[in-house]
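# Notes for the structure review
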Amino acid sequence: MQAEPTDEELMLAYGSGDVPAFERLYSRHRGPLFRFMLHQVREHGTAEELFQDVWQRVITARARYQPEARFSTWLFQIAHNRLTDHWRAQKHRPPPPIDAVERAEREADPQTPERQLSAFEERRRLQVALEELPVEQREAVMLRLEQELSLEQIGQITGVGRETVKSRLRYALDKLRQRLDA
Amino acid sequence: MSTPFPPTEALDERERELARIVRALPGGDPPLALDARILKSAANAAAASRRPGARWLGSAGALWGIGGAAAAVLALGVGWQMKYAAPRPSQMESAPAAAMADQTEDSSVPVGFSDAPTKPTELAAPSPRVATAPSRRPPAPTGGVAVAPAPLPQPFADGRLDERVTAGADANDSVGSAAPPAVAQRRESSPAAQRRQANTIAAKAVASEPEAQGRYATAAAAAPAAQAGVDIAAGMAADASSPSFPNSPATWLTQIRRLRDEGRTLEARASLLEFHRRHPHNSIPSDLVALLRANE
């Protein structure tokens, strides 16, 4: 059985002109990256715009890509830089959308009513808790929980040291836990 | 391909529970239209890289471009050096022109004559002599002997032949000895005798012309007369007492004046004739024109 090519191998192949390699790479990371962007900007239109920008930068840099770090680390580093540019252009963090909680409540849950309420309530509380986090903590916790990146990787993406990442994660996880247990 | 990267840190229990909830949050995937746009952009970029025209910007193309530019700059530099390193023809041509220009200061030296001295100091001092008019000078014949438009001295108008003058004069004799033996026997040291001999020789030369050559104004007439003078001059050169012909016209003229002043009129006249033969473009100074007259 042939081993699945790694993300780095697929990216190098695309740099040589292998378009199917990019398609496989895209399918692996489209969901996590989009969710990451969405959780940061909390608005679909902006998330799609930033999401497309990030992948366009990946395409442009294909010829000079070097697997000095994991591909996911490199991808989310590009996403982090794009978000930084976005926040700088915005000059302030936008308030959470008014209907965010309502949209979370309207989501259909295929589970039983009891579980549906519990699960729904969990998600709603977590989403509210995430939106209340500072940008740096939310970014770190999303990279950690959804992408399962290490502290070193998160530090490379966000441009801070491991201890700073560790501190941010500790505060963020504590707040999320408090929200869920409330 | 083995991963050289540090291993990922697994989530602890608390993180795994929260991760489960985070991944269940709504709005997880991008829309299909967005996927299509991104994949199309990736394909187009790869296709553009495969086109031949886009490759020259690569390292090989850049090297070729740099090499071509360097070769062009080198060729321009070499051509520039060759253009300005070679001696200019105008510079070489200006040297004789400059030398000739110095001669205009001396009115006796017409501009443009071919035997210009290299040193202007060798020219005679400016004197009120009649300078020739180059513009009015007739074109030089094949013989290269041009004659000044000055009026023909009287003796050359005389078409009489001196029976004492015959062809085949001894070129080794002096003026007197260049004449026929009969003339040579009658050679006298008196100035009058010398004048007669010179006139006779000159008259013979004039008489050989098909047309009336009462004026010493044609190159053809001057040539035989000059030839007679050459005979005399040759004889003078052979004579130990006769001076050699200097290369400088000014010096030559000075020598002729000295001969005249010493009473050696025939020699002076012969020398003057030879001078005129060799320097046809030089005008004869007015003080020496008298040497050409028979009755002086």
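Right, let's walk through the structure included here. (Residues numbered from 1 in each chain as written. Chains lettered and ligands numbered in written order. Predicted model: local features only at pLDDT ≥ 70, side-chain atom pairs only at ≥ 80, totals over all residues. Heavy atoms only, no water.)

Moving on, we come to the overall build of chain A. Each helix and strand counted, chain A has nine helices and zero strands in total. The order of α-helices and β-strands along chain A, N terminus first, is α-α-α-α-α-α-α-α-α. By residue count, 51% of the 182 residues in chain A fall in the buried class. Sequence-distant contacts, at least 24 apart, represent 61% of the contacts inside chain A between residues at least 6 apart. (Helix = DSSP H or I, 4+ residues; strand = E, 2+ residues; numbered from the N terminus. Buried < 20%, exposed > 50% of the residue type's maximum accessible area, 1.4 Å probe, protein only. Contact = heavy atoms within 4.5 Å.)

Residue and element names in this part refer to chain A. The contact between helix H4 (residues 71-90) and helix H7 (residues 135-147) brings their axes to 13 Å, and the two run at 155 degrees. It follows that H4 is roughly antiparallel to H7 by the angle criterion. When the axes of H4 and H7 are compared, the crossing they make is right-handed. Here Phe-76, His-80, Leu-83 and Trp-87 of H4 come into contact with H7, specifically with Val-135, Arg-138, Glu-139, Leu-143 and Gln-147. Partitioning the contact of H4 with H7 into residue classes produces five nonpolar, two polar and two charged. (Axes fitted to C-alpha atoms, helices over the stretch in contact; angles between N-to-C directions. Parallel < 35°, antiparallel > 145°, perpendicular 65-115°, else oblique. Left-handed = near helix turned anticlockwise from the far one by under 90°. Nonpolar A, V, L, I, M, F, W, Y, C, P; charged D, E, K, R; others polar.)

Chain B puts 38 residues into the contact, and the matching count from chain A is 48 residues. For the pair chain B and chain A, the summed buried area comes to about 4,000 Å², and 60% of that belongs to carbon and sulfur atoms. Our enumeration of links across chain B and chain A arrives at eight salt bridges. Ionic pairing is found between Glu122(A) and Arg20(B), a salt bridge with its closest N-O pair at 3.7 Å. Where chain B meets chain A, there are 15 residue pairs in polar contact (both at pLDDT 80 or more). The set of elements that each furnish at least two residues to the side of chain B that touches chain A consists of helix H1 (13-23) and helix H2 (32-50) of chain B. With 12 residues, the single largest contributor to the side of chain B that touches chain A is H2(B). Tallied by class, the residues present in the side of chain B that touches chain A amount to 22 nonpolar, six polar and 10 charged. (Buried area = accessible area lost by both parts, 1.4 Å probe. Salt bridge = Lys/Arg side-chain N within 4 Å of Asp/Glu carboxyl O. Polar contact = N/O pair within 3.5 Å; in protein donor to acceptor, adjacent residues only side chain to side chain.)

Residue and element names in this part refer to chain A. Inspection of every chain in the model, using the stated rule, returns 27 salt bridges over all chains. Between Glu-152 and Arg-162 there is a salt bridge whose closest N-O contact spans 2.6 Å. One end of the pair, Glu-152, is in helix H8 (residues 151-158); the other, Arg-162, is in helix H9 (residues 162-181), and 10 residues separate them in sequence. The class of Glu-152 is partly exposed, set by a relative accessible area of 34%. A residue is classified by how much of its surface remains accessible, and Arg-162, at 33% relative accessible area, is partly exposed.

Attention now moves to the packing of aromatic side chains. All names here are of chain A. In this structure the tally under the stated criterion is 12 aromatic pairs over all chains. Measuring from ring centre to ring centre gives 4.8 Å for Tyr-14 and Phe-22, while their planes differ by 40 degrees; the resulting arrangement is tilted. By the burial criterion, Tyr-14 is buried, and Phe-22 matches it. Between Phe-51 and Trp-55 the ring centres are 6.3 Å apart and the planes differ by 70 degrees, which places this aromatic pair in the edge-to-face class. With a gap of four residues between them, Phe-51 and Trp-55 both fall in helix H3 (residues 44-60), about one helical turn apart. Of the aromatic side chains, those joined through ring pairs into one cluster are Tyr-14, Phe-22, Tyr-26, Phe-34, Phe-51 and Trp-55. (Phe/Tyr/Trp six-rings, centres within 6.5 Å; stacked < 30°, edge-to-face > 60°.)

A separate point is H2(B). Compared with an ideal rise of 1.5 Å per residue, which puts 19 residues at 27 Å, H2(B) spans 27 Å between its outermost C-alpha atoms and is within 8% of the ideal. For H2(B), every residue scored as buried is listed here: Leu34(B), Asp35(B), Ile38(B), Ala42(B), Ala45(B) and Ala46(B). Considered in projection along H2(B), the buried side chains sweep an arc of 110 degrees and stay on one side of the axis. Exposed and oriented more than 90 degrees from the buried face of H2(B) are Leu32(B) and Lys40(B). Against helix H1 (7-15), helix H2 (19-41) and H3 of chain A lie the buried residues of H2(B). (Expected span 1.5 Å × (residues − 1). Arc of directions from axis to C-beta.)

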